[in-house]
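If you want the building blocks of each chain, they are given just below.
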Amino acid sequence: MREKILVIDDDEKITSMLRRGLAFEGYIIHTANNGAEGLKQILEHEPQLLIVDVMMPQIDGWEVVRRVREGGGDLPILMLTAKDEISDRVKGLDLGADDYLVKPFALEELFARVRVLLRRRAERPEQQTNRLSYDNVVLDLDTREVFRGGKLIELTTKEFELLYLFLQNPKRVLSRDLIMEKIWGYDYSGESNVLEVYIALVRQKMEEHGDKRIIQTVRGAGYVLRGDS
């Protein structure tokens, strides 16, 4: 079955280019020129992937992502941005975007990102259990809630996915490359510190009430979930 992709961008040149290029790749393409129209089309067309620009009139791309995730949707989202600042990347990912691409970009790279996101969605395994736990941490997949010592821990989408990965692999050292591939679907550049930022954020929230550190750094190897600290 051909996957449906919705492109939301107020730049007609961009939408026209993506419409032609993605259609040639075999996808069914819908487009919207602002965030408000895009949100309507998500409900109307039920796409398998969303490509959304950040800077748009009426409702910007960040707000589109926030509303989609607020509604509990797991629709893969690729953000297009003219900004290449770490803070802007983190903001989009923190709101729930799965990936980002800085303008100007090569169509071949966008196609590759699209394939990765759609493959990850298609290969998402059926969950055998609705809860994972380690030490005094409990992660509920149905409600997407995390508790530590009975206290609710508020995590963003990417923070939740990161902790979920660790809970799936307790006491196993996970390399930086493996984590990046599993959570973001591709390798960031060597200068990027997005993973380190998210590790710090998860640690801060998990240790907020004085609990011990369970996500440990293994120098030269990566990170591991274990309660030896």
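The rules behind the values
Starting from 1, residues in each chain are numbered consecutively following that chain's sequence as written. Side-chain atom pairs in this predicted model are given and counted only at pLDDT of 80 or more, local residue features only at pLDDT of at least 70, and totals for whole chains, interfaces and linings cover all residues. With hydrogens and water set aside, each side-chain value is computed from the structure's full complement of heavy atoms. Fitted lines through C-alpha atoms give the axes, limited to the stretch in contact for helices. The angle between two N-to-C directions lies from 0 to 180 degrees. Each helix is a run of DSSP H or I of at least 4 residues and each strand a run of E of at least 2, with the numbering of both proceeding from the N terminus. Convention used here: angles under 35 degrees read as roughly parallel, angles over 145 as roughly antiparallel, angles from 65 to 115 as roughly perpendicular, and any remaining angle as oblique. Should any heavy atoms of two residues lie within 4.5 Å, those residues are considered in contact. Lys, Arg, Asp and Glu make up the charged group, whereas Ala, Val, Leu, Ile, Met, Phe, Trp, Tyr, Cys and Pro make up the nonpolar group; the residues left over, Gly among them, are polar. For any helix crossing, the convention is left-handed if the near helix is rotated counterclockwise from the far helix by under a right angle, and right-handed if that rotation is clockwise. Stacked, edge-to-face and tilted labels apply to pairs of Phe, Tyr and Trp rings (six-membered ring for Trp) whose centres lie within 6.5 Å, assigned for plane angles under 30 degrees, over 60, and everything in between, in that order. Consider the ring centre and the ring normal. A charge sits over the ring if Lys NZ or Arg CZ is within 6 Å of that centre and within 35 degrees of that normal. Relative accessible area decides the class of each residue, using a 1.4 Å probe on protein chains only: under 20% of the type maximum gives buried, over 50% gives exposed, and in between gives partly exposed.

As named in an unreviewed UniProt entry, the chain is Two-component system response regulator MprA, taken from Paenibacillus eucommiae.

So, about the packing of helix H6 (residues 157–168) against helix H8 (residues 194–206). Between H6 and H8, whose axes approach to 10 Å, the crossing angle comes to 85°. Here H8 runs roughly perpendicular to H6, going by the angle between their axes. Of the residues in H8, those touching H6 at Lys158, Glu159, Leu162, Leu163 and Phe166 are Leu195, Tyr198, Ile199, Leu201, Val202, Lys205 and Met206. Each residue belonging to the contact of H6 with H8 can be placed in one class, and the counts come to 9 nonpolar, no polar and 3 charged.

Let us now look at the packing of helix H1 (residues 12–24) against helix H5 (residues 107–122). In a pair of packed helices, the angle between the axes and the distance between the axes together describe the arrangement. The interhelical angle for the contact between H1 and H5, taken along N-to-C directions, is 60°, at an axis separation of 11 Å. On the basis of the axis angle, H1 is oblique to H5. Relative to H5, H1 is oriented so that their crossing is right-handed. Residue-level contacts link Met17, Leu18, Gly21 and Leu22 of H1 to Leu107, Leu110, Phe111 and Val114 of H5. Classifying every residue of the contact of H1 with H5 by side-chain character gives 7 nonpolar, 1 polar and no charged.

Per the stated rule, a full pass over the model turns up 0 aromatic pairs. Over the face of the ring belonging to tryptophan 62 we find lysine 91, whose NZ or CZ atom lies 3.9 Å from the ring centre.

Going from lysine 103 to proline 104, the amide bond is cis rather than trans, its omega being -10°. Take proline 104: it is sitting in the loop between strand E5 (99–102) and H5. The backbone of arginine 144 sits at a positive phi, close to 55°, despite the residue not being glycine. By secondary structure assignment, the location of arginine 144 is in the loop between strand E7 (137–140) and strand E8 (145–148). Non-glycine residue lysine 171 carries a positive phi angle of around 65°. Relative to the assigned elements, lysine 171 resides in the loop between H6 and helix H7 (176–184). Given the relative accessible area of 63%, lysine 171 is considered exposed.

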